[in-house]
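Chain by chain, the residues:
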Amino acid sequence: MNSVKSIHGECRLPRMRNDDVTVQATKTSFKLLEALNELGGAGVTELANELGLPKSTVHNHLNTLRDAEYIVREGDTYHVGLRFLKLGEHSRNRLRIYETASPEVDNLAQQTNELANLAVEEYGRGVYLYLSEAERAVQLDTYAGMRIHLHCTALGKAILAHLPEEKIEEILDTHGLPERTPNTITDRDELLEELEETRDRGYAYDRQERLQGLRCVAAPITMPEEGVVGALSIAGPTSRMKGDRFHEEIPQRLLDAANVIELNMTYA
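What you see is a predicted model; the values in this text were computed from it and never measured. Position labels on residues start from 1 in each chain and follow its written sequence. Residue-level local features of this predicted model are given only where pLDDT is at least 70; pairs of side-chain atoms are given and counted only at 80 or more, and the full residue set underlies all totals for whole chains, interfaces and linings. The basis for every side-chain value is the complete set of heavy atoms in the structure, and neither hydrogens nor water enter the calculation.

Caption draft 1: Main features of the overall build of the protein chain. Elements are defined by DSSP. Helices are runs of H or I of four residues or more, strands are runs of E of two residues or more, and each kind is numbered from the N terminus. When helices and strands are counted, the protein chain shows nine helices and eight strands. Principal axes of the C-alpha set define a box for the protein chain whose edges measure 75 × 60 × 40 Å. In the protein chain, once contacts between residues fewer than 6 apart in sequence are set aside, the share between residues at least 24 apart is 56%. Whether two residues touch is decided by their heavy atoms; if any such pair falls within 4.5 Å, the residues are in contact.

What follows is the structure, given as structure tokens:
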């Protein structure tokens with residue numbers, strides 16, 4: 001036990017750990033917001049069952065969040081409010097990579113007539129910053145702000161492959177390797193081998209590892225002093241993402257676009 005000296009001795013207060021000062025009520029509110037987002041809206045009883053909390057607790061948090069205008073109520077159902085849109089837009093717009101890379105993402109979508117994406121890593125997860133859909137692009141579950149596991153996407157593997165070894169291990173320890181499809185890599189050694197191959201060739205593949213019927217190619221965006229700052233990808237159905245197009249044409253387009261972005265971020 002830490003002691004406190006007084007009177008004639010030096011007064012030393014016990015050192016506080018981060019978890020000692022965590023405000024549990026705040027954590028509960030954020031869990032509730034995440035649940036509302038994932039459920040697409042919910043009532044008090046559904047949220048209480050989802051989070052394993054008393055209905056009175058859920059009701060109090062909902063009232064507080066509603067008073068602060070962060071959620072809205074439609075009948076007996078609560079939804080995340082539009083106030084988060086302002087926060088999200090500010091968070092995205094402050095990132096230089098978003099402003100610099102967005103035009104190249106649009107170009108990639110038009111050149112390939114597929115879905116083009118830009119993502120970054122935050123807290124060990126991938127976050128989509130920007131998506132651009134061509135006329136015949138597939139309609140997926142992805143959207144700006146969506147968070148994904150890194151190991152099962154081309155974007156994620158392109159980023160992981162260029163992180164320091166200790167950072168990779170930390171991410172895998174924290175988030176694991178959950179299976180999304182029968183093709184998902186769930187063995188750590190196999191994934192590390194895949195990341196080594198990704199570094200060697202300069203781009204990453206997703207071979208139906210997050211969604212059945214979908215293939216993706218991704219290239220990292222790297223800076224001399226910062227290392228990897230994000231990644232670009234092209235996603236399309238397996239019927240179109242095959243042969244030379246999958247292995248040569250699209251990878252080269254991504255590498256060219258990443259090079260342009262890197263130059264603009266360095267010198268513009």
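Caption draft 2: Region of interest: the pattern of salt bridges. In the sections that follow, a salt bridge refers to a side-chain nitrogen of Lys or Arg positioned within 4 Å of a carboxyl oxygen of Asp or Glu. Overall, the coordinates contain 15 salt bridges when judged by the stated rule. Ionic pairing is found between Glu194 and Lys157, a salt bridge with its closest N-O pair at 3.2 Å. Note that Glu194 is positioned in helix H8 (residues 188-201) and Lys157 in helix H6 (residues 154-160), a separation of 37 residues in sequence. Categorising residues by exposure relies on relative accessible area from a 1.4 Å probe, with only protein chains included: less than 20% of the type maximum marks a residue as buried, more than 50% marks it as exposed, and the intermediate range marks it as partly exposed. Judged by relative accessible area, Glu194 falls into the buried class, the value being 9%.

Caption draft 3: Structural view of the environment of Asn183. Its location among the elements puts Asn183 in the loop between helix H7 (165-175) and H8. Its relative accessible area of 37% is what places Asn183 among the partly exposed residues. Residues Asn183 and Tyr70, spaced 113 residues apart in sequence, show a C-alpha to C-alpha distance of 39 Å. When near neighbours in sequence (up to four residues on either side) are disregarded, Asn183 contacts Arg207, Gln208, Glu209 and Gln212.

Caption draft 4: View of the sheet that holds strand E3 (residues 115-122). Any two strands are treated as partners once DSSP identifies two or more bridges connecting them. The strand order across the open sheet built from six strands is E5-E4-E3-E8-E7-E6, with neighbouring strands paired in antiparallel fashion. Every other strand in the sheet has two partners, leaving strand E5 (147-148) and strand E6 (204-207) as the edge strands with one partner each. For E3 and strand E4 (residues 125-133), the ladder comprises eight bridges, and the chain directions are antiparallel. Residue Ala119 lies in a different strand from E4, and its bridge partner there is Tyr128. With respect to the sheet, helix H9 (residues 243-267) is in contact with E6, strand E7 (214-223) and strand E8 (227-237), its orientation differing from that of E7 by roughly 25 degrees. All axes here are fitted lines through C-alpha atoms, helices being fitted over the stretch that makes contact, and every angle between N-to-C directions spans 0 to 180 degrees.

Caption draft 5: Seen up close, a negative patch on the surface. Taken together, the side chains of Asp187, Asp189, Glu190, Glu193, Glu196, Glu197 and Asp200 define an acidic patch exposed on the protein surface. Within the secondary structure, Asp200 is located in helix H8. Note on Asp200: relative accessible area 65%, which makes it exposed. In this analysis, a patch consists of residues with relative accessible area above 30% that form no salt bridge, clustered at 9 Å for like charges and at 5 Å for the nonpolar side chains Val, Leu, Ile, Met, Phe, Trp and Tyr. All accessible areas in this document rest on Shrake-Rupley with a 1.4 Å probe, and a residue is counted as covered only by the protein chains that are shown. We score Asp and Glu as negative and Lys and Arg as positive, and we do not count His or the chain ends. Here the site of a charge means atom NZ of a Lys, CZ of an Arg, CG of an Asp or CD of a Glu.

Caption draft 6: Highlighting the packing of helix H1 (residues 24-39) against helix H2 (residues 44-51). Their axes nearest at 11 Å, the elements H1 and H2 cross at an angle of 110 degrees. Between H1 and H2, the angle is such that the two are roughly perpendicular. As H1 packs across H2, the resulting crossing turns out to be right-handed. Two secondary-structure elements touch here, H1 through Lys31, Leu32, Ala35, Leu36 and Leu39 and H2 through Glu46, Leu47, Glu50 and Leu51. Lys, Arg, Asp and Glu make up the charged group, whereas Ala, Val, Leu, Ile, Met, Phe, Trp, Tyr, Cys and Pro make up the nonpolar group; the residues left over, Gly among them, are polar. Of the residues assigned to the contact of H1 with H2, the class counts are six nonpolar, no polar and three charged. Relative orientations are named as follows: roughly parallel for angles under 35 degrees, roughly antiparallel for angles over 145 degrees, roughly perpendicular for angles from 65 to 115 degrees, and oblique for any other angle. Helix crossings fall into two classes, left-handed where the near helix is turned counterclockwise from the far one by less than a right angle and right-handed where it is turned clockwise.

Caption draft 7: Expanded view of the environment of Arg125. For Arg125, the position within the fold is in strand E4. When its relative accessible area of 22% is taken as the criterion, Arg125 is described as partly exposed. A distance of 3.3 Å separates a polar side-chain atom of Arg125 from the backbone oxygen of Ile148. Here a polar contact is recorded for every N or O atom pair within 3.5 Å, except that within protein the pair must consist of a potential hydrogen donor and a potential acceptor, and residues adjacent in sequence are included only if both atoms are side-chain atoms.

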